[in-house]
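# Examination of the molecular architecture
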Amino acid sequence: MAIGYITRIERFSSAHRLNVPQLSKKENFEIFGKCNHINGHGHNYTLKVTVKGTIDPVTGMIVNISDLKAWIKEDVLQHLDHKNIDLDVEYFHSKASTAENLTVFIWETLSPRFKGIDAKLYEIELYETDLNIARYKGE
């Protein structure tokens with residue numbers, strides 16, 4: 001049995017403000033600088049979802065890519081694309097919408113789709129910009 005990896009790439013645009021509600025205005029500004037601006041800012045994110053599993057000897061697939069595409073659309077893009085992450089996504093009402101926290105949110109949102117199948121979610125990779133990239137492997 002051959003073990004392989006398949007990655008689906010999607011893109012979405014979102015606004016957010018880096019801000020921790022438990023911290024003062026001064027503390028937030030000292031930590032996040034211009035990314036703490038009261039009106040927020042936006043990004044054109046690139047999301048990479050990698051799945052690991054046995055390559056099926058009949059279909060040649062680890063997971064049906066059409067299914068993976070639909071899961072990402074329903075579970076992730078529907079909640080994040082063209083949204084204000086801090087206001088529209090309950091998960092971020094109490095935590096900063098950093099790229100790192102976004103990867104955890106995406107992992108936690110997608111991982112239930114892999115229960116009961118051989119393929120497993122392997123890695124979430126999120127490009128906030130060309131220079132800022134966060135990865136999460138469920139650890």
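For the structure given in this document, a descriptive report is provided here. (Residues numbered from 1 in each chain as written. Predicted model: local features only at pLDDT ≥ 70, side-chain atom pairs only at ≥ 80, totals over all residues. Heavy atoms only, no water.)

## Overview of the packing of helix 2 (residues 65–80) against helix 4 (residues 99–110)
Here helix 2 crosses helix 4 at 140°, and the two axes come no closer than 10 Å. The angle between helix 2 and helix 4 falls in the class oblique. Every pair of crossing elements has a handedness; the one defined by helix 2 and helix 4 is right-handed. Touching Trp71, Ile72, Asp75, Val76 and Leu80 of helix 2 are Leu102, Phe105, Ile106, Thr109 and Leu110, all from helix 4. Of the residues assigned to the contact of helix 2 with helix 4, the class counts are eight nonpolar, one polar and one charged. (Axes fitted to C-alpha atoms, helices over the stretch in contact; angles between N-to-C directions. Helix = DSSP H or I, 4+ residues; strand = E, 2+ residues; numbered from the N terminus. Parallel < 35°, antiparallel > 145°, perpendicular 65-115°, else oblique. Left-handed = near helix turned anticlockwise from the far one by under 90°. Contact = heavy atoms within 4.5 Å. Nonpolar A, V, L, I, M, F, W, Y, C, P; charged D, E, K, R; others polar.)

## Considerations on the environment of Thr50
Of note, Thr50 is situated in strand 2 (residues 41–54). Since its relative accessible area comes to 9%, Thr50 is described here as buried. Among residues more than four places away in sequence, those in contact with Thr50 are Tyr5, Ile6, Thr7, Lys120, Leu121, Tyr122 and Glu123. At 2.7 Å, the side chain of Thr50 forms a polar contact with the side chain of Thr7. (Buried < 20%, exposed > 50% of the residue type's maximum accessible area, 1.4 Å probe, protein only. Polar contact = N/O pair within 3.5 Å; in protein donor to acceptor, adjacent residues only side chain to side chain.)

## Brief notes about the pattern of salt bridges
Summed over all chains, the structure comprises five salt bridges. The partner of Glu30 in a salt bridge is Lys26, and the shortest N-O contact between them spans 3.3 Å. Taken together, the residues span about one helical turn, with Glu30 and Lys26 both in helix 1 (residues 25–32) at a distance of four residues. Like Glu30, the residue Lys26 is exposed in the burial classification. Between Glu125 and Arg135 there is a salt bridge whose closest N-O contact spans 2.7 Å. Here Glu125 is found in strand 4 (residues 120–127), whereas its partner Arg135 is found in strand 5 (residues 133–136), with 10 residues between them in sequence. Each member of the salt-bridge network shares a partner with another, and the members are Glu74, Asp75 and Arg113. (Salt bridge = Lys/Arg side-chain N within 4 Å of Asp/Glu carboxyl O.)

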